Amino acid sequence: MEYSCKEFKVGKCEGEKIVDGETIPLVLGPREENKSDLESLLLGLNENKEWFEEMIIKNSAVLLRGFDVKKAEDFNDIVETFGWEDIRYVGPAPRTHIYKMIWTANEGPLSEFIYYHHEMVLIKEYPKKVILFCEIPPPEGGETPVVPSFRVTERMVEEFPKEVKEMEEKGLKYTFTAPSNNDTNSMRGRGWEDAFGSSDRKEVEKRTKALGMDVEWLENGGLKTILGPRNLTKVFEGRKGRKMWFNTIVGMHGKDISSATMADGTEIPAHVVKRCGEIIEEESIQFKWEKGDVLFLDNYALLHGRRPSLAPRRVLVATTI
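Residues numbered from 1 in each chain as written. Predicted model: local features only at pLDDT ≥ 70, side-chain atom pairs only at ≥ 80, totals over all residues. Heavy atoms only, no water.

Explain the pattern of salt bridges residue by residue, including any values.
Enumeration over the complete set of coordinates arrives at 28 salt bridges. Note that Glu-16 is salt-bridged to Lys-12, the shortest N-O span being 3.6 Å. The closest approach of N and O atoms between Arg-307 and Glu-281, which form a salt bridge, is 2.7 Å. Here the residue Arg-307 occupies a position in the loop between strand S18 (302-306) and strand S19 (314-320), and Glu-281 occupies one in helix H9 (residues 270-282), the gap between them amounting to 26 residues. Residue classification places Glu-281 among the partly exposed positions, given a relative accessible area of 32%. Because the salt bridges share partners, they merge into one network encompassing Arg-151, Glu-154, Arg-155, Glu-159, Lys-274, Arg-275, Glu-278, Glu-282 and Glu-283. (Salt bridge = Lys/Arg side-chain N within 4 Å of Asp/Glu carboxyl O. Helix = DSSP H or I, 4+ residues; strand = E, 2+ residues; numbered from the N terminus. Buried < 20%, exposed > 50% of the residue type's maximum accessible area, 1.4 Å probe, protein only.)

This is the structure in C-alpha cells:
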C-alpha cells in the first residue's frame, strides 16, 4: 500500500528511523498549505480511514504534524472520526478525564522518566492504539520515545536463548501495590479507588477478578494486586508474525512497590533484566514534540515511555480498541 494519498503529504521529523523497511514514525502533513485547518484534516481522515489505519499497522507509528489542532475537543473529533471503541485505562498512572474519550497522560512529576511499556500490558483487555496530542510542548526534554517491540525479542533471544526459553515456558507473574488515594507526587501513584472506580472493597475484588487479578488488602489501606501467569511475548495478526516483547519485567522487577518473577516464583536473573533494559534503550526512537502534533501508536507493536521534562508540558491521550 502506498505511503501517501491525495489529502496527505509524507514529511520527515528529526529522530525518525527506518526499521526493517518501515519509517517510525511516518510523518503526514497537509498536502497544501491552505488545507491545514481542522475541518480539512477531519475530512481527509474520514475519506481515508482504511488507508490511515493500514499506515498505523505498517509503520507502528503515524505522526500528524502541521495541522491546526488546538485543544482537547479538536483531538477528540480526530479520534472519533475512526469509530474506534474507547477503552477505560486501568493502571498505576495518575490521570484526569478531560473530554469524552480524552484524558491527561501520566500526571506524575515531569522530572521522572516513565519507563517503556505497552499500554495496559498486564490486563487481559488492552488497547490496540494509543493516541497522543501535544497541547503544550515542553521547552526541554519530555519526548515520548518508542521502541519496536519485535527488535527487543530478537536481541534477547540472541543474547539469552536459555533464559528466554524458560520465561516463555513458565510465564511471568507480577505484583503491584497501590495506595488507597491518588498520589500525584509519584508517576505510579494512582490509588486503587480511582483505578477501579469504587471505594467498595467487594466491588473492587469483583472488578479485579474480571481483569485477571488476585488481590491482597494491606493494613495501611493499600491494595496489592497479583497478576499471572502472563506471557513473555505475543504474536498479533497482521504484523508479519513478529514476536512482540509484550511484558514489563524491566519496569517492575525488583522495585519497592512491584515485582516480576517467573510464574512459578523462580527469580529472573538480575543481569538479564539489566541487559534487557539496555537493549530497549538502544532500540529507542524519539522526536521533539511540536504544538498540535497528534501521534498514533500501534500498542501491539511499540513500547513507549516519557523522558524527563521541564515545565510546562501537556500531552493528552486516548486509548482505543
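What follows picks up the thread again.
Can you break down the packing of helix H4 (residues 149-159) against H9 residue by residue, with the values?
Two numbers describe how H4 lies on H9: the axes approach to 10 Å, and their chain directions differ by 140 degrees. The orientation of H4 with respect to H9, classified from their angle, is oblique. Classified by chirality, the crossing of H9 by H4 is right-handed. Between H4, through Val-152, Arg-155, Met-156 and Glu-159, and H9, the contact on the second element is made entirely by Val-272, Arg-275, Cys-276, Ile-279, Ile-280 and Glu-282. Here the contact of H4 with H9 is built from residues that sort into 6 nonpolar, no polar and 4 charged. (Axes fitted to C-alpha atoms, helices over the stretch in contact; angles between N-to-C directions. Parallel < 35°, antiparallel > 145°, perpendicular 65-115°, else oblique. Left-handed = near helix turned anticlockwise from the far one by under 90°. Contact = heavy atoms within 4.5 Å. Nonpolar A, V, L, I, M, F, W, Y, C, P; charged D, E, K, R; others polar.)

Tell me about the sheet that holds strand S11 (residues 172-178), residues and numbers included.
Read across the open sheet, the 4 strands follow the order S12-S13-S11-S16; overall the sheet is antiparallel. Two strands in the sheet have a free side with no partner beyond their single neighbour: strand S12 (213-217) and strand S16 (258-262). Strand-to-strand twist in this sheet, taken as the mean axis angle between neighbours without regard to direction, amounts to 15 degrees. Note that S12 and strand S13 (residues 223-230) share 5 bridges and pair antiparallel. Paired with Met-213 across the two strands is Leu-227, which belongs to S13. Across the sheet, helix H7 (residues 201-210) touches S12 and S13, and the angle it forms with S12 is around 150 degrees. (Pairing = 2+ DSSP bridges.)

Could you give me a rundown of helix H2 (residues 49-59), with the residues and numbers involved?
Inspection of H2 places Trp-51, Phe-52, Met-55, Ile-56 and Asn-59 among the buried residues, and these make up the whole buried set. Viewed end-on, H2 has its buried residues packed into an arc of 145 degrees, placing them on one side of the element. (Arc of directions from axis to C-beta.)

Can you lay out the layout of surface pockets for me, pointing to particular residues and giving the numbers?
Rolling a probe over the atoms, with the probe sized like a water molecule, indicates the empty space that remains. In this structure, the largest pocket spans a volume of roughly 880 Å³. Mapped by element, the contributors of at least two residues to the lining of the largest pocket are strand S8 (114-117), strand S9 (129-136), S11, helix H6 (192-196), S13, helix H8 (249-252), S18 and S19. Per-element accounting of the lining of the largest pocket gives the leading share, 4 residues, to S8. Looking at side-chain class alone, the lining of the largest pocket contains 27 nonpolar, 10 polar and 7 charged residues. Roughly 200 Å³ of internal volume is contained in the second largest pocket. What lines the second largest pocket is Lys-6, Glu-7, Phe-8, Arg-31, Glu-32, Lys-35, Ser-40, Leu-41, Leu-43, Gly-44, Glu-47 and Phe-67. (1 Å grid on protein atoms, 1.4 Å probe; cavity = no way out; pocket = protein on both sides within 12 Å on 5 of 7 lines; lining within 4 Å. Points joined across faces, edges and corners; volume = space filled by probe spheres on them.)

Any details on the state of the cysteines? Residues and values, ideally.
The tally for this structure, following the rule as stated, stands at 0 disulfides. You can see Cys-13 has no disulfide; the closest cysteine sulfur is in Cys-134, sitting 13 Å from it. Judged by relative accessible area, Cys-134 falls into the buried class, the value being 0%. (Disulfide = S-S within 2.5 Å.)

Before we move on, can you summarise the packing of aromatic side chains with the specific residues and values?
The full count for this structure, using the stated rule, is 20 aromatic pairs. Taken together, a centroid distance of 6.3 Å and an interplanar angle of 85 degrees make the contact between Tyr-126 and Phe-236 edge-to-face. With a gap of 110 residues between them, Tyr-126 in the loop between S8 and S9 and Phe-236 in the loop between strand S14 (234-235) and strand S15 (243-244) connect regions that are remote in the sequence. Across the pair, Phe-236 and Tyr-126 agree in class, each one buried. Arranged with centres 6.0 Å apart and planes meeting at 80 degrees, the rings of Tyr-126 and Tyr-300 form a pair that is edge-to-face. Highlighted residues: Tyr-126 in the loop between S8 and S9 and Tyr-300 in the loop between strand S17 (294-298) and S18, separated in sequence by 174 residues. When sorted by exposure, Tyr-126 lands in the same class as Tyr-300, which is buried. (Phe/Tyr/Trp six-rings, centres within 6.5 Å; stacked < 30°, edge-to-face > 60°.)

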